[in-house]
Amino acid sequence: MPEVTAEALWGLSLAYPEVWVCESGDCGHPGFQFSSIQTAINTVDVGGIVHVAAGTYAEDLEIG
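Residues numbered from 1 in each chain as written. Predicted model: local features only at pLDDT ≥ 70, side-chain atom pairs only at ≥ 80, totals over all residues. Heavy atoms only, no water.

## Observations regarding the state of the cysteines
The cut-off we apply is this: Two cysteine sulfurs form what is called a disulfide whenever their separation falls within 2.5 Å.
A complete count under the given rule lists one disulfide for this structure. Paired through a disulfide, Cys22 and Cys27 show a sulfur-sulfur distance of 2.3 Å. Taking the sign of the S-S torsion, about -100° here, the bridge from Cys22 to Cys27 comes out left-handed.

Written as structure tokens, this is what we have:
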């Protein structure tokens, strides 16, 4: 996965108050999609929603 700057994530968060996470990263939803819960958390706007599909996600999460 290419590196994403904080500035780019901030810009995306304004455009995407809701994001979707699924193991494949192709969630079948017309919106911003991820295969990593942490990347979705880092991208979604304050007060936004992270939708997580059923699956196994091997990661440690930090929610600020």
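Additional details are given in the paragraphs that follow.
## Side note on the side chain of Thr43
For clarity, the cut-off: Helix and strand definitions here come from DSSP, where helices need a minimum of 4 consecutive H or I residues and strands a minimum of 2 consecutive E residues; each element is numbered from the N-terminal end. Two N or O atoms form a polar contact when they lie within 3.5 Å of each other; inside protein one atom must be a possible hydrogen donor and the other a possible acceptor, and for residues adjacent in sequence the pair counts only when both atoms belong to side chains.
Tracing the chain through its elements places Thr43 in helix α2 (residues 37–43). Only 2.8 Å separates the side chain of Thr43 from the backbone oxygen of Thr39, close enough to count as a polar contact.

## Notes on the side chain of Gln38
In plain terms, the rule: Burial status follows relative accessibility: with a 1.4 Å probe on protein chains alone, a residue under 20% of its type maximum counts as buried, one over 50% as exposed, and anything between as partly exposed. Residue contacts are defined here by distance: any two heavy atoms, one from each residue, within 4.5 Å place the two residues in contact.
By the element assignment, Gln38 lies in helix α2. For Gln38, a relative accessible area of 16% puts it in the buried group. Aside from chain neighbours lying at most four places away, what touches Gln38 is Glu59, Asp60, Leu61 and Glu62.

## Some points on the sheet that holds strand β2 (residues 32–34)
To keep things clear, this is the line we draw: Between any two strands, pairing holds if DSSP finds at least two bridges. All axes here are fitted lines through C-alpha atoms, helices being fitted over the stretch that makes contact, and every angle between N-to-C directions spans 0 to 180 degrees.
The parallel open sheet is built from three strands, whose spatial order is β2-β1-β3. The outermost strands of the open sheet, each flanked by one partner alone, are β2 and β3 (49–52). Between one strand axis and the next, the sheet turns through 25° on average, direction left out of account. Pairing of strand β1 (residues 18–21) with β3, which is carried by four bridges, proceeds in the parallel orientation. Paired with Val21 across the bridge in β3 is Val52.

## Topic: the environment of Ser24
Along the chain, Ser24 turns up in the loop between β1 and β2. Considering only alpha carbons, one finds Ser24 and Gly55, 31 residues apart in sequence, at a separation of 9.8 Å. Polar contacts involving the side chain of Ser24 include one to the main-chain amide nitrogen of Asp26, which spans 3.1 Å.

## A look at the nonpolar core
In globular proteins that are soluble, nonpolar side chains generally tend to be buried together. Quick note on the threshold: The criterion is simple. A nonpolar core is a set of buried Ala, Val, Leu, Ile, Met, Phe, Trp, Tyr and Cys residues joined through side-chain atoms within 4.5 Å.
Counting 10 residues, the largest nonpolar core consists of Val19, Val21, Cys22, Phe32, Phe34, Ile37, Ala40, Ile41, Val44 and Tyr57. For this core, the secondary structure elements donating two or more residues are β1, β2 and α2. Top element by residues in this core is α2. It accounts for three residues.

Purely geometric stuff here, so don't read any function into it on its own.
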